[in-house]
Amino acid sequence: MVIERRETLRRLAKSLGLLLVAPLITLRSLQATVHAATETADGEHMNQLSPTADDPFRLPRHVLPVRYELRLEPDLAGAAFHGHVTIAVTVVHPTDVIIFNSLELTIENAVVEDAAGGRQPASIALDEPLQRCRLTLAQPLAPGQWRLQIEFRGTLNDKLRGFYRSTYKDRNGSTQTLAATQFEATDARRAFPCWDEPDFKAVFSTTLVIDPALSAVSNSAVLSETQERGQKVVRFVDTMKMSTYLVAFVIGRIEASAPTAVGKTTLRLWTVPGKKHLTGFGQDIATASLQFFERYYGIPYPGDKLDLLAIPDFASGAMENLGAITFRETALLVDPHSATHGELERVADVVAHENAHMWFGDLVTMSWWNGLWLNEAFATFMEMLAVDAWKPEWKRWNTFGVSRAAALSVDGLHSTRPIEYPVRAPKDAEAMFDVLTYEKGASVLRMLEQHIGPTVFRDGIREYLLTHAYGNADTKDLWISLGRAARQGVPDLMDGWIFQPGYPVLTAELTERMELVLTQQRFTYLPNPTAGFWQVPVQLRIQTGDKTDTRRVLLTRTDERVACPAETQLVVVNEGGHGFYRVHYGPRLLQRLLESLDTLAPIERFNLVNDAWAATVAGLMPLPAYLDLTGRFTTERDKNVWAVLIDSLAFLNRIIDPSHRPLLEAFVRTRVGPATASVGWTPQPGESELTGQLRSELIGALGRLGNDSETQARAAELYATARKDSAAVDPNLFPALVAILAFTGNAARYDEFTERFKTAATPQEERRYLFALAMFRQPTLLDRTLAKTLDGEIRIQDAPFMVSAVMSNVYGRDLGWRFVKTNWEVLDQRFPKQGLRRMCGGITGLCKPELERDVRQFFDSRKIDLGGKTLDQYLEQLRIGVSFGERYGRSLTEYLQGRY
Ligand SMILES: [Zn+2]
């Protein structure tokens, strides 16, 4: 899956080196070997994985599903479906009870059949809180093969989970409906009775009975299409053995792009009518990344065809259903001529991410949700490799620094969690889809890959996939494979990063005797850190005269001394920026680095600023020192370095007393102004796409955070020009123009943007104008935006993000929070759970002591649980913001009153 976020996490650099391509193993021979090995051992294997018997959230293992024959008849207009499933099961121990998952389904009838056709009806008992159904039989079943026949009914819901409805307006303005699925983590049980845990892998044979005017797509190719009582009956080929959360079906008036072929695989994109012209870019990266992964993994694509479908209503970013990947429209459909670099990158990332899952996740799956990182960190890491190989000029690994920084910031909380973390209830599984699983996971994999070498790493991955194909695996299985390839003990190195929370800050200082002293301790923003110790792979660059020396050190103690040459001038710790830790340089080293910024790679400058800012928030560096440091970057040209600088200024904007805000705005102008002037407003011939994005970043900051009237006037002029001739303005500049005009806009502008949102030509344009509605400053306009999240004008897939965006707007936070409090019951009822969780992320921007008190009181008194540690993390982030304001508010003002 890919999480939908408001802001994209950004970019990266380092070529993989030559991929030595091993001959592809034929999947048929692999499948035969693996089946022979697992079919016979299934019972035993499952028993080894057995959770403790008293865990109410895990199914017992005495009956195991082997094959589902599923027949579903959805009624799109009536928002309902009728289904029949025949499940071939293996009974391991004699029993008169069968327990499986079922939620919000009416089970009408259940019968057990033996091989000879003997039938025995079962009595049915539903346990809604545990989302289970228990069948009881008069005659116990002997060990062996049985068939379970179940008839059931369900609702096509509007909650974007399970089997649900999505609607859109067609060209004539009338509402059309389609039905789609989203099963991860635990919602297959809302569509059909099943053993809904990832290690109950089985084969699925799906039949959909639909209106003949509609099309249907599922995980595998169509086997046959026939007519029955005026309905179209679409039967699909048997899938490979896979987990329930990967099953999918989409039914509606949908159109496919012209197919491309990757080896034997046919690849197509699907959209609702009228959007097929937006599929080209997505199809290119889908094709390129599928080829890339076949080579990298050395295993052919495991499905029999690959469809990528854009769904108008979709809760997350995308979902890796085998052979039928579903996306929200912004993550798949795009017009490369009008999109920004960031929007194109988002599509490339998400498509590559989902394709990577076809092996990592679908072919080999984590045994249980605690190991979700095995799926998601890998897909995130592989997405970078694939996009970097496809568009090296995007320097994707540089921008990955922004993703790493996002993980470092959550992982610097006391309320963080280890990457691998116990999961029991479904809501805890859902809470695992966060920055720690994805971005921290991918960061530590990158660190390991760089430490043991890309080729060795890839060989280990290949062995892991081959060993566990069509099965499930745990973290230790991955370490075994990687350790074998690397010929070293990977667990010693990696367990600290995966099984303990947090990460270290390395303090680095050069002694008089030219010894580099590295000391590690856990980094936290708030004081009283708990202990922690890591094996840290450190890459150093030591500069002496015109000689540069790179050294790799594995820090295995609390502190380490590295002898440096007598004439050492400069030491860069975390050279190349791959390490998942912070560096706090002593004053002498820091001073030298700041005087030699042009010798640092962009990712190293990024880390320098990012670590300095984190040290400031944590109280390790005085705020004035940081504000002085920002003055060294007025000639900076890297967009990621600017992103972190601007983010730190935006943080100050949240804590500053409103009466002093003009001082901060003036300060922003002194910092951002010179860089903006030198980049200019007009793209230069031959400049990179990254420069276009930098320009947008700078102008946006100057117009809003800097409240610069000249920039605002120019933005309005340029926007007017672009409205007449869209080709006259670089698409990369558009987000900044729209954001500035919202910031300065009145009711007329608000109406204009609302209209643009409703009539947008592409999903990206729609999204841009939608989010602009949260960027206005007048309370009456922001109130209108909030109202739209409840009256259906804003789709449920976007509404929670809009509420969060209003709370993150310093001019809207009070009324945004009031809205959440007042409407909590309605929002809780209306939004999908993951949407509600993302909405609550907006509370981290409520950095005022009185708001913080109110927020805590509200969540305490209602005993609200957002799953996992989510709420604790939001509250701690809020605490950090408020305590920063209490500590530094005054010194910030003094500094800004003319002391810089
Ligand atoms: Zn994913």
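As a starting point, this report considers the structure included with it. (Residues numbered from 1 in each chain as written. Predicted model: local features only at pLDDT ≥ 70, side-chain atom pairs only at ≥ 80, totals over all residues. Heavy atoms only, no water.)

Looking at the coordination of the zinc ion
Six octahedrally arranged donors around a metal ideally form angles of 90 or 180 degrees; four tetrahedrally arranged donors ideally form angles of 109.5 degrees.
Thinking step 1. Coordination sphere of the zinc ion, protein contribution only: Met1 (N), Met1 (O), His353 (NE2), His357 (NE2) and Glu376 (OE), at 2.0 to 2.4 Å.
Thinking step 2. For the zinc ion, all donor residues lie on one chain, and their spacing in sequence is M-x351-H-x3-H-x18-E. Highlighted residues: His353 and His357, both in helix 3 (residues 341-357), separated by four residues, approximately one helical turn. Comparing His353 with His357 shows no difference in burial state: the two are buried. (Donors = N, O, S within 2.8 Å, 3.2 Å for Na, K, Ca; no water. Helix = DSSP H or I, 4+ residues; strand = E, 2+ residues; numbered from the N terminus. Buried < 20%, exposed > 50% of the residue type's maximum accessible area, 1.4 Å probe, protein only.)

Observations regarding the pairing of strand 19 (residues 306-311)
Thinking step 1. Across the six residues of strand 19, six count as buried, placing the element largely inside the fold.
Thinking step 2. Residues Leu306, Leu308 and Ala310 of strand 19 are buried on one face, and the alternating residues Asp307, Leu309 and Ile311, pointing to the opposite face, are buried as well.
Thinking step 3. Of the strand pairs in this sheet, strand 18 (residues 265-271) and strand 19 are connected by four bridges, and their pairing is parallel. Note on strand 19: the bridge partner recorded for Arg268 is Asp307.
Thinking step 4. Taken together, strand 18, helix 2 (residues 280-297) and strand 19 constitute a β-α-β crossover, and its handedness is left-handed.
Thinking step 5. Where strand 19 and strand 21 (residues 324-328) come together, five bridges link them in parallel fashion. For Ile311, the partnering residue across the bridge sits in strand 21 and is Arg328. (Pairing = 2+ DSSP bridges. Right-handed = clockwise from strand over helix to strand, strands pointing away.)

Structural notes on the layout of surface pockets
Thinking step 1. Each pocket or cavity is described by its volume, and for the largest pocket that value is around 1300 Å³.
Thinking step 2. Lining the largest pocket are 42 residues, with Thr167, Tyr168, Lys169, Glu766 and Arg795 positioned closest to its centre.
Thinking step 3. Secondary structure elements with two or more residues in the lining of the largest pocket: strand 9 (162-169), strand 10 (175-182), helix 19 (747-758) and helix 20 (763-772).
Thinking step 4. A per-class count over the lining of the largest pocket returns 14 nonpolar, eleven polar and 17 charged. (1 Å grid on protein atoms, 1.4 Å probe; cavity = no way out; pocket = protein on both sides within 12 Å on 5 of 7 lines; lining within 4 Å. Points joined across faces, edges and corners; volume = space filled by probe spheres on them. Nonpolar A, V, L, I, M, F, W, Y, C, P; charged D, E, K, R; others polar.)

Structural notes on empty space enclosed by the protein
Thinking step 1. Using the criterion set out here, one finds eight cavities of 30 Å³ or more in the structure.
Thinking step 2. Here the second largest cavity is characterised by a volume of approximately 200 Å³.
Thinking step 3. Here the lining of the second largest cavity gets four residues from one element, more than from any other, and that element is helix 25 (residues 833-840).
Thinking step 4. Its residues assigned to classes, the lining of the second largest cavity shows nine nonpolar, four polar and seven charged.

Brief notes about the side chain of Arg756
Thinking step 1. With respect to the element layout, Arg756 can be found in helix 19.
Thinking step 2. In this structure Arg756 comes out as buried when scored by relative accessible area, which is 16%.
Thinking step 3. Not counting residues within four places of it along the chain, the set of residues in contact with Arg756 comprises Tyr719, Arg723, Glu765 and Tyr769. (Contact = heavy atoms within 4.5 Å.)

Quick notes on the sheet that holds strand 26 (residues 536-544)
Thinking step 1. If you trace the three strands from one edge of the open sheet to the other, you get 27-26-29, paired in antiparallel fashion. With partners counted over all chains shown, the strands left at the sheet margins are strand 27 (547-555) and strand 29 (568-573), one partner each. When strand polarity is set aside, the average angle formed by the axes of neighbouring strands in this sheet is 25°.
Thinking step 2. Examined bridge by bridge, strand 26 and strand 29 share five bridges and lie antiparallel to one another. (Axes fitted to C-alpha atoms, helices over the stretch in contact; angles between N-to-C directions.)

Considering the sheet that holds strand 1 (residues 63-75)
Thinking step 1. Overall, mixed pairing links the eight strands, which are arranged 5-4-8-2-1-11-14-13 in an open sheet. The open sheet has two edge strands, strand 5 (119-121) and strand 13 (222-228), and neither has a second partner. Taking each pair of neighbouring strands and ignoring which way they run, the sheet shows an average axis angle of 20°.
Thinking step 2. Sheet analysis places strand 2 (residues 80-91) next to strand 8 (residues 144-155), joined by twelve bridges and oriented antiparallel. Counterpart to Ala80 in the pairing with strand 8 is Thr155.

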